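Close look at the chain arrangement
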Amino acid sequence: MNKQEYELVVVGGGPAGLAAAQEAYDQGVRDILILERDFELGGILQQCIHNGFGLHYFGEELTGPEYAQQFMENVRERGVDIKLDTMVLEVTPEKDVYAINSDDGMLYIDAEAVILAMGCRERTREAIDIPGTRPAGVYSAGTAQRYVNMEQWIPGEKVVILGSGDIGLIMARRMHLEGAEVEAVLEIMPFSGGLVRNIVQCLDDFDIPLRMQQTVTEIHGKDRLEAVTVAEVDDNMQPIPGTEYKIECDTLLLSVGLIPENELSKDAGVKMHDVTGGPIVNEGRETNIEGIFACGNVLHVHDLVDWVTEESLVAGKTAANYLQGGIDKREQEIEVNPGENVGYIVPQKITNDVEDRKLVDLYMRCKKPMEHVTINLYSGDKKLLDKNERRVEPGEMITFPVPEQMISDDMDSLKVDIVKEGE
Amino acid sequence: MKDKTDILIIGGGVTGCFAARELSRYDLDITLVEKEPSLCTGTTKANTALIHAGFNADPDKLKGRLNMRGNQLYHERIQHELDVPIEWLGALVVAKEEEKLPKLEELLEKGQENGVPDLEIVKGDDIYDLEPHLADDAIAALHAPTAGIVNPFELTVALANNAAMNGADVYLEAGVEDIEDKGETKLVKTAKGDIEANIVINAAGLYADKIANMVGIDKFEITPRRGEYYLYDKQADIDVQTTVFPVPTKVSKGIVVTPTDEGNVLIGPNAEVIESVENKSTTREGLDEVLNGAQKTIPELSKRNVIKEFAGLRPAITETGDFLIEASDEVPGFINVAGIQSPGLASAPAIAEKVVGIVKEEIGGLREDPDFDPNYEGPPKFRHMSHEEQAKLVEEDKNYGQIICRCESVTKGEILEAIREPVGARTVNDIKRRVRPGSGRCQGGFCEPKVVNILSEELGIPEDEVVLESKESKLLRERTKEPLLNEEEVSDNE
Ligand SMILES: Cc1cc2nc3c(=O)[nH]c(=O)nc-3n(C[C@H](O)[C@H](O)[C@H](O)COP(=O)(O)OP(=O)(O)OC[C@H]3O[C@@H](n4cnc5c(N)ncnc54)[C@H](O)[C@@H]3O)c2cc1C
Ligand SMILES: Cc1cc2nc3c(=O)[nH]c(=O)nc-3n(C[C@H](O)[C@H](O)[C@H](O)COP(=O)(O)OP(=O)(O)OC[C@H]3O[C@@H](n4cnc5c(N)ncnc54)[C@H](O)[C@@H]3O)c2cc1C
């Protein structure tokens, strides 16, 4: 076995892993290795050839590969070690990393700190339990995106898309531009899980219908998909008998949710959060295992890569502090709890005492869309801060910066709720 | 395709492949034809995969007797000869009500009469020692330690490959279209050409009646009876140690909860008579019935962590409810192996033994082939190895350093092996069944494009000719309009 030692190992070379590695380097860590299973760095961004990345971070609109390129250059310039085509098989609680590729064979890396940045995977037809036959022609939207944008193959001609998440919306436009007929985008909820701008730019501009509160209840076709049965659903997302209709199609693309890919984390003993599906972390993005950090989609699913970058810079910085002599802990941990209409908040706790810090960013998602809201931050019954938003949507992550000076030593919990303005 | 053979077997399920392998012990020319592009696409691909102990077997029926013998042969021979996952987890039949106890006693007695070893009725805490997460109101259970599970895909592939290693020829996409009875021989017309056979063995599963009709036999009819399933993620943390049955009632055998050889939990099947032998759809009602039934014994089951739904069809002869394994009186040289419903898998070695006996009688004696090798080893299983063993494997062959399926840790080396075996894999699902890429929680979302790519390269066909399962199940339609590659590279690929 090929044994190596590194101060910091980063698992995954997507935007999260790249930004974390870059920041750890800039904070003085020199001995860094990025392990990436694909043949190139950049993660999911490499197949997102559309515009819309980097508005917050770079102040301009880039394509996915362009955005990734910036960070790829940054880590290369800094001389961070990179191994491509390398799959990480196991991370132990002692931070031993086992990885494999064809050239080095089995790598056994003794690391002092590990940053988990493995991204996420897509939910499947099976996970959402659609009955029927099992023909060719049913793809997750991301797989179809890979076929089209990376392999240059169009998977089908007559398409129905289930789920109005961003990947579904983007793929509706992509398939349309490739000459396929997109019959409809169906959404089981009364609102879309995607960004508003994607609904406008990907569906409205091409007259692709978006049908709310409808879902696929059966798949037909022996060899290749022939049709799907669609039904309207009630407010509990149950199909309403009698509303069924059939759409003939040879392709069904599923954009029904992303799941953080945490098999490695679980094996390492990292504790998971029920709602995010990612590790439970403090504000430095450190998990319950000292020296193991997580950032990006492996931690919680992001809609904008800019926030992935911000979050990963934090993780990279904390990892560097950890390696350089440790992190000062607050006397009292502060739990961060979701209140009314808040699905989850990352980080789940604030535990560190960081000297030069000005803000702690809270990332959160609301449970249901609302207009004209106030987002309130409480410590116990005491309101600390609020901000107004014109509209919140589950599909758009909310960032809420908390000034350091508001966080005091006697606090033991914070709570955020989202309510109608004036309530 | 060759034009003559001693014995032609129709059907590449477990029945046909077992017969081919057992007959390849003898000095005979054996040929197996299968209509699909891969083995194991019929009933053998969608069942509960149990090697029943035989306590419920009816000794008055052929299927009961062959189940007993089959279980014995798996224990004594098959598990040692073929590199196929077989585990003797044992079975539990669980009674939750007093009034079910007599039935449990009855099963115990019947099992003992059938010669099932080590049967006992356990009570109280002893039940929960065997199955800790069983519903907490179980009062007694019949424990059968000789019940087992097998991987039916690997078994079928192992049998076909072992038969091929011993000289049998296997033709895929060679569906039988007609059979001409020429007296001494049969001229079998297949999609790959005509072949003249001295003996024809009909192991066509759901289509066995149609094959029999081709030579004018219409004494039986196959009625498909569907069973549906849910399969759970390996990481689902559902603790099931044995194969758990409820006490059967007159109306229903009840839903089984069992681990698979890979450590997934499988629940099912229900039973529903349907019209078409093609209809392997799952249904809302069927799947709900399966989950409700399973929760009666293992209450913690829910839809969470389900990674697959599927359905299989039992090829039943309803009049007799039994297997039909015999040389036809009407058409000499034609052997039916039909109605192989459950426990067809458990009985498979014994069915093959019986078929060999019939062939022996038809021909009047068989000479053993001294070169017959009963052993078969499949592709290595990277996922089951220690890191040290994995390291060694990559050192020997770089292809084992490339992980293609992230969920199941399947390497390119294993996929290449599967394609390069004597009866090699040709479809995406065939590769999935043999070496598991796409069998995990993402169901191929990650690896399918890679598997398509490997198949295309290895078989020398364009990617849009690669199929999922049947010949018509193509995955890709056409090239994108504005390729991101330069034109040359694209036309090279085409
Ligand atoms: C289809 C789609 C469209 C999007 N559209 C937009 C948009 O318009 N604008 C926007 O700002 N954002 C968009 N996003 C969001 C944003 O791009 C993602 O949130 C971001 O890419 C996530 O970064 P990540 O590094 O966490 O994950 P990823 O990019 O998924 O990177 C994870 C990396 O880890 C590697 N990896 C995983 N496991 C292992 C292992 N065991 N060993 C080695 N390597 C491993 C993977 O190969 C991958 O390269 C989109 C996302 C998707 C999926
Ligand atoms: C729901 C369910 C649960 C079950 N559970 C169990 C269990 O737990 N234990 C057990 O012992 N048994 C079980 N069984 C039964 C067992 O699965 C079957 O008995 C066994 O798989 C039958 O195998 P076979 O080879 O006879 O049929 P098949 O696997 O169907 O093979 C027949 C083959 O013939 C081919 N064919 C058809 N027509 C032609 C043609 N014209 N030309 C060429 N080829 C043709 C087909 O493509 C197919 O590959 C179960 C069955 C079902 C449906």
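Just so we're clear, the structure is a prediction, and the values are computed from it rather than from any experiment.

Cut-offs and rules
- Residues numbered from 1 in each chain as written.
- Chains lettered and ligands numbered in written order.
- Predicted model: local features only at pLDDT ≥ 70, side-chain atom pairs only at ≥ 80, totals over all residues.
- Heavy atoms only, no water.
- Helix = DSSP H or I, 4+ residues; strand = E, 2+ residues; numbered from the N terminus.
- Rg over C-alpha atoms; globule rule 2.2 N^0.38 Å.
- Buried < 20%, exposed > 50% of the residue type's maximum accessible area, 1.4 Å probe, protein only.
- Contact = heavy atoms within 4.5 Å.
- Areas by Shrake-Rupley, 256 points an atom, 1.4 Å probe, with all protein chains shown as cover.
- Near = heavy atom within 4 Å.
- Polar contact = N/O pair within 3.5 Å; in protein donor to acceptor, adjacent residues only side chain to side chain.
- UniProt positions renumbered as here; feature names shortened; annotations may be inferred.
- Buried area = accessible area lost by both parts, 1.4 Å probe.
- Salt bridge = Lys/Arg side-chain N within 4 Å of Asp/Glu carboxyl O.
- Axes fitted to C-alpha atoms, helices over the stretch in contact; angles between N-to-C directions.
- Parallel < 35°, antiparallel > 145°, perpendicular 65-115°, else oblique.
- Pairing = 2+ DSSP bridges.
- Phe/Tyr/Trp six-rings, centres within 6.5 Å; stacked < 30°, edge-to-face > 60°.
- Left-handed = near helix turned anticlockwise from the far one by under 90°.
- Core = buried A, V, L, I, M, F, W, Y, C linked by side-chain atoms within 4.5 Å.

Remarks on the overall build of chain B
Counting secondary structure elements, chain B contains 13 helices and 23 strands. For a compact globule of 494 residues, the expected C-alpha radius of gyration is about 23 Å, and chain B comes in at 23 Å, within 12% of that figure. Here the C-alpha coordinates of chain B stretch approximately 75 × 60 × 45 Å along the principal axes. Put simply, chain B has 494 residues, and 61% of those count as buried. Once local pairs closer than 6 in sequence are excluded, the contacts in chain B between residues at least 24 apart make up 71%. Carbon and sulfur atoms make up 44% of the accessible area of chain B, which amounts to about 19800 Å² in all.

Digging into the site of ligand 1
Residues and elements named next belong to chain A. Ala16, Glu36, Ile44, Asn297 and Val305 are the nearest of the 33 residues found near ligand 1. Between an oxygen atom of ligand 1 and a main-chain N or O atom of alanine 117, the distance comes to 3.3 Å. Starting from 1000 Å² of accessible surface for ligand 1 in isolation, the protein chains cover 95%. Mapped onto the shell around ligand 1, the elements with two or more residues apiece are helix H1 (15-26), strand E3 (51-53), strand E6 (87-91) and helix H7 (305-323). Element by element, the count of residues in the shell around ligand 1 is highest for H7, at three residues.

Structural notes on the UniProt feature "domain: FAD/NAD(P)-binding" (unreviewed entry) in chain A
As recorded in UniProt, the feature "domain: FAD/NAD(P)-binding" (unreviewed entry) lies at residues 7-299 of chain A. Each end of residues 7-299 of chain A is marked by a C-alpha atom, and these two atoms are 22 Å apart; helix forms 20% of the span and strand 31%.

As for the interface of chain B and chain A
Contacts between the two partners involve 55 residues from chain B, matched on the other side by 49 residues from chain A. Summed over both partners, the interface of chain B with chain A comes to about 4800 Å²; 52% of that surface belongs to carbon and sulfur atoms. Run the count over chain B and chain A and you get eight salt bridges. One salt bridge in this structure joins glutamate 261 of chain A and arginine 406 of chain B, with 2.9 Å as the shortest N-O distance. Taken together, chain B and chain A are joined by 25 residue pairs in polar contact (both at pLDDT 80 or more). Those elements that provide at least two residues to the side of chain B that touches chain A are helix H7 (284-297), strand E18 (306-316), helix H9 (387-396), helix H12 (448-459) and strand E23 (478-479) of chain B. Ranked by residue count, the leading element in the side of chain B that touches chain A is E18 of chain B, at six residues.

Remarks on the pattern of salt bridges
Scanning the model with the defined rule gives 62 salt bridges over all chains in all. In this structure, the salt-bridge partner of arginine 78 of chain A is aspartate 26 of chain A, at a minimum N-O distance of 2.7 Å. You can see arginine 78 of chain A sitting in the loop between helix H2 (64-77) and strand E5 (81-83) and its partner aspartate 26 of chain A sitting in helix H1, a full 52 residues away along the chain. The partner of glutamate 154 of chain B in a salt bridge is lysine 381 of chain B, with the nearest N and O atoms 2.7 Å apart. With a gap of 227 residues between them, glutamate 154 of chain B in helix H5 (residues 152-165) and lysine 381 of chain B in the loop between helix H8 (344-363) and H9 connect regions that are remote in the sequence. Of the residues examined, glutamate 154 of chain B reaches a relative accessible area of 8% and is grouped as buried. Where salt bridges share partners, they join Lys234, Glu262, Arg383, Glu408, Glu414 and Arg436 of chain B into one cluster.

What to know about the site of ligand 2
Residues and elements named next belong to chain B. Around ligand 2, 39 residues are found, and the nearest of them are Thr15, Glu34, Thr44, Ile340 and Ala346. Within the contact set of ligand 2, an oxygen atom lies 3.1 Å away from a backbone nitrogen or oxygen of valine 14. Contact between ligand 2 and histidine 52: a nitrogen atom at 3.3 Å from a side-chain N or O atom of the residue. Taken by itself ligand 2 offers 1000 Å² of open surface, and the protein chains cover 97% of this.

Considerations on the environment of phenylalanine 220 of chain B
Residue and element names in this part refer to chain B. With respect to the secondary-structure elements, phenylalanine 220 resides in the loop between helix H6 (208-214) and strand E13 (223-232). On the accessibility criterion, phenylalanine 220 (7% relative accessible area) is buried. Here the alpha-carbon distance between phenylalanine 220 and alanine 338, two residues 118 residues apart in the chain, equals 8.8 Å. Contacts of phenylalanine 220, omitting those with residues within four sequence positions, involve Asn202, Ala208, Asp209, Ala212, Ile317, Leu324, Asn336 and Ala338.

Some details on the packing of helix H2 (residues 62-81) of chain B against H8 of chain B
All names here are of chain B. One can describe the packing of H2 onto H8 by two numbers: an axis separation of 6 Å at closest approach and a directional angle of 95°. Put simply, H2 runs roughly perpendicular to H8. Between H2 and H8, the residues in contact are Leu62, Lys63, Leu66, Asn67, Arg69, Gly70, Asn71, Leu73, Tyr74 and Ile78 and Leu345, Ala346, Ser347, Ala348, Pro349, Ala350, Ile351, Glu353 and Lys354, respectively.

A word on the pairing of strand E21 (residues 329-338) of chain A
Residues and elements named next belong to chain A. Note: E21 against strand E23 (residues 349-352), three bridges, orientation antiparallel. Looking at the pairing, lysine 329 lines up with asparagine 352 of E23. Across four bridges, the pairing between E21 and strand E28 (residues 413-420) is parallel. Along E28, the bridge assignment pairs asparagine 337 with lysine 415.

A word on the environment of valine 337 of chain B
Residues and elements named next belong to chain B. When you line up the elements, valine 337 lands in strand E20 (residues 334-338). Given a relative accessible area of 2%, valine 337 falls into the buried group. C-alpha of valine 337 to C-alpha of glutamate 458: the two residues are 121 residues apart in sequence and 36 Å apart in space.

Describing the packing of aromatic side chains
To describe a pair of aromatic rings, you give the distance between the ring centres and the angle between the ring planes. All names here are of chain A. In the structure shown here, the tally under the stated rule is ten aromatic pairs over all chains. Pairing tyrosine 139 with tyrosine 147 gives two aromatic rings, centres 6.0 Å apart and planes at 85°, and the pair type is edge-to-face. For the pair tyrosine 139 and tyrosine 147, a shared accessibility class is recorded, and that class is buried. Measuring from centroid to centroid gives 6.3 Å for tryptophan 307 and tyrosine 363, while their planes differ by 55°, and the two rings are tilted. Remark: tyrosine 363 occurs in strand E24 (residues 359-366) and tryptophan 307 occurs in helix H7; sequence separation between them is 56 residues.

Observations concerning the UniProt feature "domain: BFD-like [2Fe-2S]-binding" (unreviewed entry) in chain B
In this numbering, the UniProt entry assigns the feature "domain: BFD-like [2Fe-2S]-binding" (unreviewed entry) to residues 403-457 of chain B. Across residues 403-457 of chain B one finds 49% helix and 9% strand; the C-alpha atoms that close the span lie 17 Å apart.

Considering the sheet that holds strand E26 (residues 382-392) of chain A
All names here are of chain A. With mixed pairing, five strands are arranged side by side in an open sheet as E23-E21-E28-E25-E26. Whereas interior strands pair on both sides, the edge strands pair on one side only; in this sheet they are E23 and E26. Averaged over all pairs of adjacent strands, the angle between strand axes in this sheet comes to 20°, irrespective of strand direction.

Some details on the UniProt feature "domain: FAD dependent oxidoreductase" (unreviewed entry) in chain B
The UniProt record marks residues 6-355 of chain B with the feature "domain: FAD dependent oxidoreductase" (unreviewed entry), using the residue numbering of this structure. Helix makes up 28% of residues 6-355 of chain B and strand 28%. Its end C-alpha atoms lie 15 Å apart.

What to know about the packing of helix H4 (residues 166-177) of chain A against helix H5 (residues 196-203) of chain A
All names here are of chain A. Packing of H4 against H5 leaves a shortest axis separation of 8 Å and a crossing angle of 15°. For the element pair H4 / H5, the angle class is roughly parallel. The interaxial crossing formed by H4 with H5 has left-handed handedness. Contact residues: H4 offers Asp166, Leu169, Ile170, Ala172 and Arg173, while H5 offers Asn198, Ile199, Gln201, Cys202 and Leu203.

A few points about the nonpolar core
When a protein is soluble and globular, its nonpolar side chains tend to lie buried together. Ile7, Ile9, Leu23, Leu155, Ile201, Ile325 and Val359 of chain B are the most contacted members of the largest nonpolar core, which totals 55 residues. A total of ten residues in this core trace back to one element, the largest contributor, which is H8 of chain B. For isoleucine 325 of chain B, the residues in contact, after removing those within four places along its chain, are Leu62, Leu66, Asn336, Val337, Ile340, Ile351, Lys354, Val355 and Ile358 of chain B. Among the nonpolar cores identified, the runner-up in size contains 46 residues, and Ala136, Tyr147, Trp153 and Leu203 of chain A belong to it.

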